[in-house]
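So the chains spell out like this:
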Amino acid sequence: QARLLESGGGLVQAGGSLRLSCATSGINFRLYAVAWYHQAPGEERELVARITSGGDTEYVDSVKGRFSISRDNIRSRSFLQMNNLKREDTGVYFCFVNAYGRDHWGRGTSVTVSE
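How each quantity is defined
- Residues numbered from 1 in each chain as written.
- Predicted model: local features only at pLDDT ≥ 70, side-chain atom pairs only at ≥ 80, totals over all residues.
- Heavy atoms only, no water.
- Disulfide = S-S within 2.5 Å.
- Helix = DSSP H or I, 4+ residues; strand = E, 2+ residues; numbered from the N terminus.
- Buried < 20%, exposed > 50% of the residue type's maximum accessible area, 1.4 Å probe, protein only.
- Phe/Tyr/Trp six-rings, centres within 6.5 Å; stacked < 30°, edge-to-face > 60°.
- Lys NZ or Arg CZ within 6 Å of the ring centre and 35° of its normal.

(A) Layout of the state of the cysteines. On inspection of all chains with the given rule, the structure shows one disulfide. Disulfide pairing places C22 opposite C95 at an S-S distance of 2.1 Å. Classification of the bridge connecting C22 and C95 rests on its S-S torsion, roughly -80°, and on that basis the disulfide is left-handed. With C22 in strand β3 (residues 18-25) and C95 in strand β9 (residues 91-99), this residue pair connects regions lying 73 residues apart in the sequence. The two residues C22 and C95 agree in class, both being buried.

(B) Representation of the packing of aromatic side chains in the model. Counting across every chain of the model gives five aromatic pairs. When the ring of Y37 is compared with that of W105, the centres are 4.9 Å apart and the planes differ by 65°; the resulting orientation is edge-to-face. Of this pair, Y37 sits in strand β4 (residues 34-39) while W105 sits in strand β10 (residues 102-105); the two residues are 68 residues apart in sequence, bridging distant segments of the chain. Relative to W105, the ring of F96 has its centre 4.7 Å away and its plane inclined at 50°; by these criteria the two rings are tilted. Over the face of the ring belonging to F94 we find R45, whose NZ or CZ atom lies 3.6 Å from the ring centre. Taking NZ or CZ as reference, R45 lies 4.6 Å from the ring centre of W105, over its face.

Purely geometric stuff here, so don't read any function into it on its own.
Here you go:
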C-alpha cells in the first residue's frame, strides 16, 4: 500500500525559508513523477511543482525562482525548498504520486507565512 507523509511545515516570517519533505513507502519511488500541491485557505488545491522520474522539473509561475523541488531515489523522498516566502504561500502543502494507475496523496503539512 502506497503511503506519503509530508513534514517540515510551520510558521515563518515573510522572506523566510522552509524545506518540506515527502517520505514515501509502498511504491517503487524512482519510477514515478512526484508533485507538490498547495491549498490556500478556502481555495482549491493547485499544482506548485513537479519532478519527473528523470529529474526534470516544472513550476507554477508564482514560485519560479523561489521554490525548488528535488528527489532522493535512495531514500524514496521528495523535497520542496521554499525561499523568500510570501503571505500568499500560506496553506497546506500536499505531496502527490500517481503510481500503479492510482492517485496517492499525503495528508499535507501546514505552512503559515506572517508579516
